[in-house]
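Residue-level structure breakdown
The chain contents come next:
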Amino acid sequence: MADISTDVLIIGTGPAGSATAALLSSYGIENMVVNRYRWLANTPRAHITNQRTMEVLRDLGRDVEDEAYMHATHQDLMGENVFCESLAGEEIGRMKAWGNHPLSKAEHEMSSPCHMNDLPQTFMEPLLFKTACSRGTQARMSTEYLRHEQDADGVTTTCLDRLTGKEFTIRSKYLVGADGGKSLVAEHAGLPFEGQMAVGGSMNILFRADLSKYVAHRPSVLYWVMQPGADVGGIGMGLVRMVRPWNEWLIVWGYDINGPEPEVTEEFATGVARQLIGDPELEIELISANTWTVNNYYATRTSEGRVFCMGDAIHRHPPSNGLGSNTSIQDAFNLAWKLSMVLKGQAGARLLDSYDAERAPVAKQIVTRANQSIAETGPIFEALGMGEGVDPVQMQKNLEARCDGNPAAEKQREAIRKAIAFKKYEFDAHGVEMNQRYISDAIVSDGQIEPAMELDPDMHYQPTTWPGARLPHAWVYEAGGAEVSSLDLCGHGQFTVLTGLGGEAWAKAAAAVAKRLGIEITTRIIGPRQAHLDHSGDWARASEITDSGCLLVRPDHHVAWRCAKMAKEPEAELSRVFEAVLGR
Ligand code: FDA
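Sequence positions are assigned chain by chain, starting from 1 and proceeding in written order. A pLDDT threshold of at least 70 governs which residues receive local features in this predicted model, and a stricter bar of 80 or more applies before side-chain atom pairs are shown or counted, although totals over entire chains, interfaces and linings include all residues. Side-chain descriptors were evaluated using all non-hydrogen atoms of the structure, hydrogens and water having been removed beforehand.

1. A short note on the layout of surface pockets
Think of a 1 Å grid over just the protein atoms. A cavity is a set of points where a 1.4 Å probe fits yet cannot get out, a pocket is an open set with protein on both sides within 12 Å along at least five of seven lines, and lining residues have an atom within 4 Å of a point. Grid points are joined across faces, edges and corners, and a volume is the space filled by probe spheres set on the points. Space inside the second largest pocket adds up to approximately 410 Å³. Together, 15 residues line the second largest pocket, and Met110, Ser111, Pro463, His473 and Ala542 are the ones closest to its centre. Per-element accounting of the lining of the second largest pocket gives the leading share, 4 residues, to helix α4 (residues 102-111). Numbering of helices and strands starts at the N terminus; helices are DSSP runs of H or I of at least 4 residues and strands are runs of E of at least 2.

2. A closer look at the packing of aromatic side chains
Stacked, tilted and edge-to-face are the three classes assigned to paired rings of Phe, Tyr and Trp, where Trp is represented by its six-membered ring and a pair needs centres within 6.5 Å; plane angles under 30 degrees give stacked, over 60 edge-to-face, the rest tilted. This model, assessed by the stated rule, comprises 13 aromatic pairs. For the pair Trp224 and Phe427, a centre-to-centre distance of 5.5 Å together with 45 degrees between the ring planes defines the contact as tilted. Highlighted residues: Trp224 in strand β12 (residues 222-225) and Phe427 in helix α14 (residues 424-427), separated in sequence by 203 residues. For the pair Trp224 and Phe427, one class covers both residues: buried. An aromatic cluster of at least three residues, connected via ring pairs, comprises Phe83, Trp98, Trp224 and Phe427. Charge-over-ring contacts are defined here by two conditions on Lys NZ or Arg CZ: a distance within 6 Å of the ring centre and an angle within 35 degrees of the ring normal. The ring of Tyr174 is capped by Arg306, whose NZ or CZ atom sits 5.0 Å from the centre of that ring. Type-normalised accessible area, obtained with a 1.4 Å probe on protein chains alone, sets the label of each residue: buried when under 20%, exposed when over 50%, and partly exposed for intermediate values.

3. Focus on the pattern of salt bridges
Any Lys or Arg side-chain nitrogen found within 4 Å of a carboxyl oxygen on Asp or Glu counts as a salt bridge. Under the defined criterion, the tally for this structure stands at 32 salt bridges. Its salt-bridge partner being Glu65, residue Arg62 comes within 3.2 Å of it at the nearest N-O pair. With Arg62 and Glu65 both in helix α3 (residues 62-71), this residue pair falls 3 residues apart, about one helical turn. By relative accessible area, Glu65 is classed as buried at 2%. The partner of Glu285 in a salt bridge is Arg208, with the nearest N and O atoms 2.7 Å apart. Note that Glu285 is positioned in strand β15 (residues 285-299) and Arg208 in strand β11 (residues 193-208), a separation of 77 residues in sequence. On the basis of relative accessibility, which here comes to 45%, the residue Glu285 falls in the partly exposed class. One connected set of salt bridges, linked through shared partners, spans Glu80, Glu91, Arg94, Lys96 and Arg218.

Quick look at the structure:
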């Protein structure tokens, strides 16, 4: 007999674990989360928070979304991505990042009701954790996962109570390993991985200093600094990252992984800060310093039986592109509704297989993307004639040479411009953030082939209602005139049928299927004199179906199936689709 029992045990209270707990509690599922430490993230590692993640927070509630914006640095202050020899020194180039280029801004606004923002992990985690606990999650801090065993009916996990030093067991129907980049759960579950850990060495130096005079006129979250050693280890270049504007900062500085791990003393940290900021007199208030490794490692299978892993446990990569915590929260959004429906007896256990089919490709994609972004910093060094390493004397000469009026200097200026502009694949890759389309048994084809990505899929989000894609966002209107996103009409743990005038039979069919299967299905008819109106015509364009057609949207906003027009037997069609999707 285990000491404690729960439906879902989650190891880890990071973005992945806390989001899973918050979602499960919102869906009414009993769950428990444990963390080996007494509190949440003590450093602001993740910060770039993309639109898709904000949609998950919005699904948790407008109060959750609003609180995130309240703590976040606004998108307007994120975008002047600067490359320089130091903050006080010469600026080499700049690009507008994170949806701040006017063209990119338009794409962002058209893609989602939510805004990208900069929300440090030290704010995101407490928000998700509070949401979870206030809605029913049992949290046990200072509790360390040691091992687990699973059988046909559940999982028995042994934990260590770090306050008493005593071991105890927790019996759960499912175990979620959200225990980060050194995941023991993934290891004990025997998940297969590809790639390599520790391909580079890096350190974080967190400090307070008012740097307004160097940055307030060119507001950004990231200032990239080219200095001797900036091309060693690390994430491509020395980085001064804003944590809170403009007086809290995090320096990311690389070291050679093949050499000894540096000891980041106060003296060392102050020296690096002075060097990157370019102010030999700078006084910093050091908050903390630590080293970490750059990884290029992802799980090719994300679950084993009743054990599901997510977040850094299955994708380990550098912070380039700012995808880690975002993808972790999105993993949670994919898995939580599936666990909920299986636990409520509304879906067969087969539905859970789709987690692996849908999220393992994402793990590979983002690990590859983030590591590629480091490599793509190389051309900037090369354009400045420092492909072989940064030599300060040579660097000054090269910076000087680019100021000439001769053809060679012009060529060099062009090479620098091109190399910096190419970094949009790291700093403005909207497609990487939003284009995820799923292929699995939890998606039913409508017989149409996948629409081709007409634009660069890494750069541009391309909306479609092709089954497997995320439902496109379009503003529709409530009867009183208030705007509401198409995404707001869906989610909250339920399937939604979206249709228009002439599609009333889908609503009737959905009610009958819901009753027969014992599930809840929300139905929305969009059209004149209905609860939701499409005054602008944006929804008609985005939906890619006729008014009498039907879009079936999963609780995680992905389209499960669509039918372009009214079917002959809508109830039979919906039954067929639900049985397939739910694995019944
Ligand atoms: P995470 O590591 O956050 O949490 C793991 C949890 O498991 C912790 O609560 C831990 O205590 C617990 N745990 C571990 N072992 C345990 C055990 N045996 N027993 C009990 N508990 C255990 N991402 C992003 O999206 N945008 C960004 O801008 C950045 N920027 C960034 C900058 C820097 C410098 C770094 C180092 C990283 C980023 N990231 C990022 C990445 C991001 O920080 C990372 O991807 C997420 O924290 C991963 O979240 P998880 O919840 O998966 O793991």
